[in-house]
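Descriptive analysis of the structure
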Amino acid sequence: MFWKRVSVSTVLAIFGATLILYSASGEAAKAKGGAISREGKACIGCHEAKSPSFVKEWRLSRHASKDVDCYGCHKAKKGEPDAMDHNGFTIAILVTPKDCGQCHPKEEKEMTGSHHAKAADILNSADNYLGEVVGGPEVVAVGCRQCHGSNVKVLANGKLDTDSWPNTGIGRINPDGSKGSCSACHARHYFSKAQVREPEICGKCHLGPDHPQIEVYQESKHGILYESFKDRMNMNKDKWVVGKDYTAAPTCATCHMSATPNQPVTHDVGARISWTLRPPISKKLENAEQRRDSMKDVCGSCHSDPFITGFYKQFDNLVNLYDEKFAKPATAIRTELIDKGKLTKANFDDKLDWIYWELWHHEGRRARHGAAMSGPDYAWWHGLYEVAKHFYTEFMPEVQRAAGPELYKEIVKKHLDSDVRHQWFTKGMSKEQLDNIQKFYKERYGGATAK
């Protein structure tokens, strides 16, 4: 009876008001505009006109749905190292892990204690000498520091020094003393979980001739499966547990960070790594077995125990082959030549320095990473093949030139003859060995001989 007494115009008015209220509630759901701070509203009002992408991405974010606005992350106190006056508000343009840690204390603690946070230590290494001196500071600014990070400097007016900014290096040293850059992985201002679960995010830094993890991953069965079935990965889910929320393939995050049914998410990317494959000679890390057990737990979501045991045996065997046959002798030989005055102590002023550097820094790493991540071509052709080729055809001939005939004989006897795996090079192959090779090729290829 009520609706019979209501005019058409009244119904339309009620309907229109409902639409307005619905629209307003929709905007609130996106950004909780009525709950954000006065300062946050001011930020949005200005940046919607000047840099609308900031605001549009933020409106899509989990931060917006939880009423975390611009000012909540960027606010600063007067006198803080990176504080600046900005349109009547005291803010820091640089949001650091210390700032993020106000709401994400566990993540900040794990990240700050991880190898990522130490990435700027490269500034004290031979890598930095290559960049700064052999190359030049200009390439370091746009190259090395954009992955590894550096000291970010603040000018007197609170603005960032453009010689050190922009910089989202993972090991960035911030003005407030904190280390790292959350936005190196969690791109502003959406901070998508799906984005950081994809392997491409790691490929910004983990690629190239000296640490080609992304290329190795793409070559591996893991990467092939990911490309084939990425639509089944449920990247946007709040919880993302391997074996429960997805089964199609692992990504970098799966193995190194994400949750399993038995362990939680970690922001310490090295917590499941048992070897460090970065230095000239590989090293087992502290608590290596515990670390390996954590990684085996991840593997166990998709693989059986015999598979996992066999994988780690083959991986360790490759690392030990590289270390014992090539890395240790090469390192010891170069050290002996320096001690006996045949080479200088400085890096990169002798030809042997360059050969040795690429032997471990490029080729040796590729071989080890290939084995670690199931990339066969990187383990051999891009890896140990290059190590062996350059050890025998470049490193040892340069040792002979630098050492002279007598010392070279001593070096070969001391560092190579004791390992039967070098005897094909130091003493040559017997007629029987050569005949066996020819016999194999004839049987394998139907009469052809080895070339």
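Residues numbered from 1 in each chain as written. Predicted model: local features only at pLDDT ≥ 70, side-chain atom pairs only at ≥ 80, totals over all residues. Heavy atoms only, no water.

**A short note on the overall build of the protein chain**
Check the secondary structure of the protein chain and you find 22 helices and four strands. On C-alpha atoms alone, the protein chain measures out to a radius of gyration of 29 Å, which is more than a quarter above the 22 Å that the 2.2 N^0.38 rule sets for 451 residues. Along the longest, intermediate and shortest principal axes, the C-alpha atoms of the protein chain span 110 × 60 × 40 Å. Summarising the internal contacts of the protein chain: among those between residues at least 6 apart in sequence, 53% fall at separations of at least 24. As displayed, the protein chain has an accessible area near 25,500 Å², and 57% of this comes from carbon and sulfur atoms. Each charge class in the protein chain can be summarised by its mean position, and for the 63 positive and 56 negative side chains these summaries are 4 Å apart. (Helix = DSSP H or I, 4+ residues; strand = E, 2+ residues; numbered from the N terminus. Rg over C-alpha atoms; globule rule 2.2 N^0.38 Å. Contact = heavy atoms within 4.5 Å. Areas by Shrake-Rupley, 256 points an atom, 1.4 Å probe, with all protein chains shown as cover. Lys, Arg positive; Asp, Glu negative; His and termini not counted. Charge placed at Lys NZ, Arg CZ, Asp CG, Glu CD.)

**What to know about the nonpolar core**
Ranked by internal contacts, the top residues of the largest apolar core, which has 45 residues, are Phe315, Leu337, Phe391, Phe395, Met396 and Val399. If you list the elements that add at least two residues to this core, you get helix H16 (288–299), helix H17 (305–339), helix H18 (351–372), helix H19 (376–403) and helix H20 (405–415). Looking at this core, the element that brings in the most residues is H17, giving 13 residues. With twelve residues, the next largest nonpolar core counts Tyr217, Met235, Val242 and Ala249 among its residues. (Core = buried A, V, L, I, M, F, W, Y, C linked by side-chain atoms within 4.5 Å. Buried < 20%, exposed > 50% of the residue type's maximum accessible area, 1.4 Å probe, protein only.)

**Topic: the environment of Glu324**
In this structure, Glu324 sits in helix H17. Classification of Glu324 as partly exposed rests on a relative accessible area of 37%. Taking the C-alpha atoms as reference points, Glu324 and Cys205, 119 residues apart in sequence, are found 29 Å from one another. Residues within four places of Glu324 in sequence aside, it is in contact with Pro329, Asp419 and Arg421. Of the polar contacts made by the side chain of Glu324, one reaches the side chain of Lys328; its length is 2.6 Å. (Polar contact = N/O pair within 3.5 Å; in protein donor to acceptor, adjacent residues only side chain to side chain.)

**Observations concerning the side chain of Arg368**
One can find Arg368 in helix H18. Buried Arg368, no salt bridge; nearest opposite-charge side chain is Asp323, N-O distance 4.7 Å. In this structure the side chain of Arg368 is engaged in a polar contact, spanning 3.0 Å, whose partner is the backbone oxygen of Pro279. (Salt bridge = Lys/Arg side-chain N within 4 Å of Asp/Glu carboxyl O.)

**Quick word on the packing of H19 against H20**
With their axes 7 Å apart at the nearest point, H19 and H20 run at an angle of 135 degrees to one another. Between H19 and H20, the interaxial angle falls into the category oblique. When the axes of H19 and H20 are compared, the crossing they make is right-handed. Of the residues in H20, those touching H19 at Met396, Val399, Gln400 and Ala403 are Pro405, Leu407, Tyr408, Ile411 and Val412. Split into classes, the residues belonging to the contact of H19 with H20 amount to eight nonpolar, one polar and no charged. (Axes fitted to C-alpha atoms, helices over the stretch in contact; angles between N-to-C directions. Parallel < 35°, antiparallel > 145°, perpendicular 65-115°, else oblique. Left-handed = near helix turned anticlockwise from the far one by under 90°. Nonpolar A, V, L, I, M, F, W, Y, C, P; charged D, E, K, R; others polar.)

**Looking at the environment of Lys328**
Within the secondary structure, Lys328 is located in helix H17. Lys328 gets classed as partly exposed once you look at its relative accessible area, which sits at 36%. For the pair Lys328 and Pro280, spaced 48 residues apart in the sequence, the C-alpha separation amounts to 8.2 Å. The residues contacting Lys328, other than those within four sequence positions of it, are Ile281 and Asp323.

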